[in-house]
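A look at the structure
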Amino acid sequence: MANYSIFTLGESQMTISGGGQLDGVTQGDGSHLVGLSITLNSDAWQEVQIRDGGSDTDFRDNDGNQRLDGDQAIDGVIYSDNTRIEAEYGLTLTDGVNFYQVVGVNVNNSSPSFGTIEGLAFVGGPGGFPPVGVPLTVVNAQEGPNFESSEYATPICFVRGTLIDTPSGLRQIETLDAGDRVWTETGRMARVKWAGGRAAIAVGRFAPVEIPLGVLGANRPLRVSQQHRILISHPVAELLFGSPKTWVPALYLVDAGLARLAQGGGVEFFHLLLETHDVIQANGVATESLYIPDAFPQTSATTSETLHFFPELAGIDPAPYRLTYPNLKRHEAAILFREIAKIDPDNSLRHSA
């Protein structure tokens, strides 16, 4: 059995032009929305906890194994534990410049089953939410969406107390500010353009990943958010992906038995934006500075989950921010770790320092 979560925005938190509605009035394929515009009126993303008796972590259409994990409120309505939930249709939206992939979320408790769509879930990884307050035109609809749960938007951060390697020595991340400098992978000093933090409850998608002492060079346990990228350096990576170094979201280290989820209590997430995306040292682990994706919305201080956490980032130009190495998907990371284990039975990833 697999457990995961997705973030959604309820239909009551959006406006659809022409009196349109999310409900699956055309056999649940979403085609009735093509040509209309959807405006998100709120950044009140809700985390929905899902368990899948089929043991896969894809949130998809027509999967009877996908059930709500506990009683949950979705768009103001309480649904019971074990209620079936699915991704009814996909939509591609645009603000005229950027494109966004969203999925219609169907709590399957109506007849016909596609008759009620409770909200939209947002695909695109960290910072991938569409903008708030901007009409987004529906340019395409897809039936039977199937996205890996890790592809949905999540925060990307370090936790309080993380030690960052700087020219003045190791410094706790919460003490760094704009104008300070940090060491990067290439041995150059990089200027911090922005630094910030915010508190959260350490459950679900906000439960940090803990990388233990000794794994990937950690000189003390390192806690980061689940989608925070960790740099994996190994010759096998070049054989498989054409680069000796690859980015892997921290959550995939949990899959490989290299890390664990630290559930419960409170957590404070912090991040550093440099002038480009780069590799920095955190508790001895090679990891990333804040990444601004190409589709990072520019129009509002609440236009993505990252902006919801850190509204100071509104208006940042994404042009300088390109991933420095390939970013692996979940199945690719699983292959990488499996192949490393085959040729490296002592698993140097666990003992690197």
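Residues numbered from 1 in each chain as written. Predicted model: local features only at pLDDT ≥ 70, side-chain atom pairs only at ≥ 80, totals over all residues. Heavy atoms only, no water.

Re the overall build of the chain
The condition that has to hold: Only DSSP runs of H or I reaching four residues or more are called helices, and only runs of E reaching two or more are called strands; each is numbered from the N terminus. Whether a residue is buried, partly exposed or exposed follows from its accessible area with a 1.4 Å probe, protein chains only, as a fraction of its type maximum: under 20%, in between, or over 50%, in that order. In this description, contact between two residues means that some pair of their heavy atoms is separated by no more than 4.5 Å. Accessible areas in this description were obtained via Shrake-Rupley with a 1.4 Å probe; residue shielding takes into account the shown protein chains only.
On a plain count of helices and strands, the chain comes out with four helices and 26 strands. Burial analysis of the chain (353 residues in total) assigns 54% to the buried set. Within the chain, residue pairs in contact and separated by at least 24 positions form 66% of the contacts whose partners lie at least 6 positions apart. Surface summary for the chain: the accessible area is close to 13700 Å², and the carbon and sulfur share equals 50%.

A closer look at the pairing of strand β11 (residues 119-123)
Definition in use: The pairing criterion for strands is at least two bridges between them, as found by DSSP.
Across the five residues of β11, five count as buried, placing the element largely inside the fold. Of the two faces of β11, the one carrying G119, A121 and V123 and the one carrying L120 and F122 are both buried. Relative to β11, strand β1 (residues 2-10) is paired through three bridges, and the arrangement is antiparallel. Residue pairing across strands places G10 opposite G119, the latter belonging to β11. Examined bridge by bridge, strand β10 (residues 99-107) and β11 share five bridges and lie antiparallel to one another. Looking across to β11, one finds that G104 is bridged to L120.

Looking at the layout of surface pockets
In plain terms, the rule: Here a cavity denotes a set of grid points, spaced 1 Å apart and computed over the protein atoms alone, in which a 1.4 Å probe fits but from which it cannot get out, and a pocket denotes an open set meeting protein on both sides within 12 Å along at least five of seven lines; residues with an atom within 4 Å of a point are reported as lining. Grid points are joined across faces, edges and corners, and a volume is the space filled by probe spheres set on the points. By the convention adopted, Pro, Cys, Tyr, Trp, Phe, Met, Ile, Leu, Val and Ala count as nonpolar, Lys, Arg, Asp and Glu as charged, and the other residues, Gly among them, as polar.
When its volume is computed, the second largest pocket comes out at roughly 280 Å³. Within the residue set of the lining of the second largest pocket, elements represented by two or more residues are β1 and α2 (250-255). Here the residues of the lining of the second largest pocket sort into four nonpolar, eleven polar and four charged.

Comments concerning the nonpolar core
What counts here: Nonpolar cores were defined as sets of buried Ala, Val, Leu, Ile, Met, Phe, Trp, Tyr and Cys residues, with membership established by side-chain atoms within 4.5 Å.
Counting 38 residues, the largest nonpolar core has I164, V182, L216, I232, L253, L272 and F337 as the members making the most contacts within it. By size, the runner-up hydrophobic cluster in this structure holds 28 residues, among which are L22, L91, Y100 and L136.

Some points on the side chain of T94
Here T94 lies in strand β9 (residues 85-94). If we skip the residues at most four places from it in the chain, T94 touches F99, P135, L136, T137 and V139.

Structural notes on the sheet that holds strand β6 (residues 66-68)
Quick reminder of the rule: Only C-alpha atoms enter the line fits that serve as axes; for helices the fit covers just the stretch in contact. Angles between N-to-C directions range over 0 to 180 degrees.
Judged by pairing direction, the sheet is antiparallel, and its nine strands sit side by side in the order β2-β3-β12-β9-β10-β11-β1-β4-β6 without closing on themselves. Single-partner strands in this sheet number two, and they are β2 (14-16) and β6. When strand polarity is set aside, the average angle formed by the axes of neighbouring strands in this sheet is 45°.

Some points on the pairing of strand β24 (residues 266-274)
Of all nine residues that make up β24, seven are buried, and the element is covered over most of its length. Looking at chain direction, strand β14 (residues 158-159) and β24 are connected through two bridges and run antiparallel. Bridge assignment links F158 to a residue of β24, and that residue is F270. Relative to β24, strand β18 (residues 189-201) is paired through nine bridges, and the arrangement is antiparallel. The residue bridging A199 from the neighbouring strand is E268, located in β24.

Observations regarding the pattern of salt bridges
Definition in use: By salt bridge we mean one thing: a side-chain nitrogen of Lys or Arg within 4 Å of a carboxyl oxygen of Asp or Glu.
Going through the model one piece at a time under the given rule, you end up with 18 salt bridges. Across the pair D58 and R60 runs a salt bridge, and its minimum N-O distance is 2.9 Å. We note a salt bridge from R60 to D63, for which the minimum N-O separation is 3.9 Å. Overall, the relative accessible area of 25% leaves R60 in the partly exposed class. Note on D63: relative accessible area 7%, which makes it buried. Residues joined by salt bridges that share partners form a network here, namely R51, D69 and D81.

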